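A look at the structure
One letter stands for each residue in the lines below.
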Amino acid sequence: MSAKILVVEDEAKLARFVELELKHEGYEVKTEGSGRAALAEALAGDYDLILLDIMLPELNGLEILRRLKKEKDTPVILLTARDAVMDKVSGLDAGAVDYVTKPFAIEELLARIRVALKLHPRQDGHSSESQPLSEGTLRWGPLLMDIPRHRVTMNGHEISLTNREFLMLRTLLENTDIVLSRDTLLEKVCGYEYAGETNVIDVYIRYLRSKIDDAFSVRMIRTVRGVGYVINRWEE
Ligand code: CA
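Residues numbered from 1 in each chain as written. Predicted model: local features only at pLDDT ≥ 70, side-chain atom pairs only at ≥ 80, totals over all residues. Heavy atoms only, no water.

**Details of the domain arrangement of the protein**
Worth spelling out the cut-off: Delimitation of the domains relies on an automatic or database domain assignment. Contact criterion: two residues are considered in contact whenever any of their non-hydrogen atoms come within 4.5 Å of each other. Computed with a 1.4 Å rolling probe, the buried area is the accessible surface lost when two parts are put together, summed over both parts. Any Lys or Arg side-chain nitrogen found within 4 Å of a carboxyl oxygen on Asp or Glu counts as a salt bridge. Here a polar contact means two N or O atoms within 3.5 Å. Within protein one must be a hydrogen donor candidate and the other an acceptor candidate, and residues neighboring in sequence count only if both atoms are side-chain atoms. Each helix is a run of DSSP H or I of at least 4 residues and each strand a run of E of at least 2, with the numbering of both proceeding from the N terminus. Charged residues are taken to be Asp, Glu, Lys and Arg, nonpolar residues to be Ala, Val, Leu, Ile, Met, Phe, Trp, Tyr, Cys and Pro, and polar residues to be all remaining types, Gly included.
Taken domain by domain, the protein holds domain 1 (4-119) and domain 2 (131-231). On a C-alpha basis, the centres of domain 1 and domain 2 stand 25 Å from each other. Contacts between the two partners involve 14 residues from domain 1, matched on the other side by 12 residues from domain 2. A combined buried area of about 1,200 Å² lies between domain 1 and domain 2, and 44% of that area is made up of carbon and sulfur atoms. Here domain 1 is connected to domain 2 by one salt bridge. Between Asp-98 and Lys-188 there is a salt bridge, with its nearest N and O atoms 2.9 Å apart. Connecting domain 1 to domain 2 are three residue pairs in polar contact (both at pLDDT 80 or more). Among the secondary structure elements, those contributing two or more residues to the side of domain 1 that touches domain 2 are α4 (85-93), β5 (98-101) and α5 (106-119). Broken down by element, the residue count for the side of domain 1 that touches domain 2 peaks at five residues, all from α4. Partitioning the side of domain 1 that touches domain 2 into residue classes produces eight nonpolar, no polar and six charged.

**Considerations on the environment of Asn-60**
Here is the rule we go by: Three labels apply to residues, based on accessible area from a 1.4 Å probe with only protein chains included: buried if under 20% of the type maximum, exposed if over 50%, partly exposed otherwise in between.
Among the secondary structure elements, Asn-60 is positioned in the loop between β3 (49-53) and α3 (61-71). Taking relative accessible area as the criterion, Asn-60 reaches 35% and is therefore assigned partly exposed. Sequence-wise, Asn-60 and Leu-39 are 21 residues apart; in three dimensions their C-alpha atoms are separated by 9.9 Å. Polar contacts involving the side chain of Asn-60 include one to the main-chain amide nitrogen of Leu-62, which spans 2.8 Å. Separated by 3.0 Å, the side chain of Asn-60 and the backbone nitrogen of Glu-63 make a polar contact.

**So, the pattern of salt bridges**
Summed over the entire model, instances satisfying the criterion amount to 17 salt bridges. Among the salt bridges present, the one from Glu-9 reaches Lys-102, with a minimum N-O distance of 3.0 Å. Of the two residues, Glu-9 sits in the loop between β1 (4-8) and α1 (12-24) while Lys-102 sits in the loop between β5 and α5, which places them 93 residues apart along the sequence. One exposure class covers both Glu-9 and Lys-102, and it is buried.

**Brief notes about the pairing of strand β11 (residues 221-224)**
Our working rule: Paired strands, in this sense, are two strands between which DSSP finds at least two bridges.
Bridge count for β11 against strand β12 (residues 228-231) is four bridges, and the pairing is antiparallel. Looking at the pairing, Ile-221 lines up with Ile-231 of β12. Linking two consecutive strands that pair antiparallel, namely β11 and β12, is a turn of three residues; a positive phi of about 80° is found at Gly-226 within it.

**Structural notes on the sheet that holds strand β8 (residues 151-154)**
Within a sheet, adjacent strands bond to each other through the backbone by hydrogen bonds, running parallel or antiparallel. What counts is decided by this rule: Inter-axis angles, ranging from 0 to 180 degrees, are taken between N-to-C directions of lines fitted to C-alpha atoms, where helices are fitted over the stretch in contact.
Ordered by their spatial adjacency, four strands build an open sheet running β6-β7-β8-β9, and the pairing between neighbours is antiparallel. Looking along the sheet, the strands with just one partner apiece sit at the ends: β6 (137-140) and β9 (157-159). Recorded for the sheet is a direction-independent mean angle of 25° between the axes of neighbouring strands. Across four bridges, β6 lies against strand β7 (residues 143-146) in antiparallel orientation. What sits directly across from Leu-138, in β7, is Met-145. The strands that helix α6 (residues 163-174) touches are β6, β7 and β8; relative to β7, the one it contacts most, it runs at about 110°. Contacting β7, β8 and β9, helix α8 (residues 199-216) runs over the sheet at an angle of about 150° to β9.

**Notes on the coordination of the calcium ion**
Note on metal sites: the ideal angle is 109.5 degrees for four tetrahedral donors, and 90 or 180 degrees for six octahedral donors. Heads up, the condition is: Ligating atoms shown are N, O and S within 2.8 Å of the metal, or 3.2 Å for Na, K and Ca, and water is not included, meaning a site may look less than complete.
Those protein atoms acting as donors to the calcium ion are Asp-10 (OD), Asp-53 (OD) and Met-55 (O), and they sit at 2.1 to 2.3 Å. Taken in sequence order, the residues that donate to the calcium ion follow the motif D-x42-D-x1-M. Residue class for Asp-53 comes out buried when judged on its relative accessible area of 3%.

**Description of the sheet that holds β1**
Across the sheet, five strands lie side by side as β2-β1-β3-β4-β5; this open sheet has parallel pairing. Each edge of the open sheet is held by one strand with a lone partner, namely β2 (28-32) and β5. Here the strands of the sheet are splayed against their neighbours by 20° on average, with no regard to which way each runs. Where β3 meets strand β4 (residues 76-80), four bridges bridge the pair, whose relative direction is parallel. Bridged to Ile-50 within β4 is Val-76. Each of β4 and β5 is contacted by α4, which is oriented at about 160° to β5, the strand it contacts most.

This is the structure we're talking about:
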């Protein structure tokens, strides 16, 4: 069964282009051009993924995302303007799984869609991959990350993280066994056009290690010298 995607974009030409490309890839597609109609459709429909433009008439994409996330966990990829760093950060904080900056190459969008669908399969058995955890939960041995509730626990003990620490941990957990460079982490955690130094990443890693590795005597976040950081799959 093909995945169902809702495309929310008010630029009619772009919406049509994306719709055709997605259909060509075999997805089922519906498009909406206004904020209110999009929110209603997202809430009522049974979508595997939503592509959500931020600048929309009536209701902007971030507001749609916030309202949607109160009701359901459909993964959302935001379409953002090139210089809207704050939109990206607030979008990820509000629960978007990824963002793509406009103008984008269609191949990049398709690749992000494939990753999002793989990482966030639907729960009703429609996906062939088994997913023992509830949607939006990442596990690393005794550590559980509940993304919709913005909550991390280790053996049931709550770990209090700032938004950026949470985002950093989430990015590493969603990419277990993949070494992420400081640049990649910086883009995910601080937004693409963040002008500061990549060593802010080392600072966040230090905070996370003191709250998790040191506090619970585990070795979770590994440094790969000259490359970046990785969390390896948990092994009993
Ligand atoms: Ca727009």
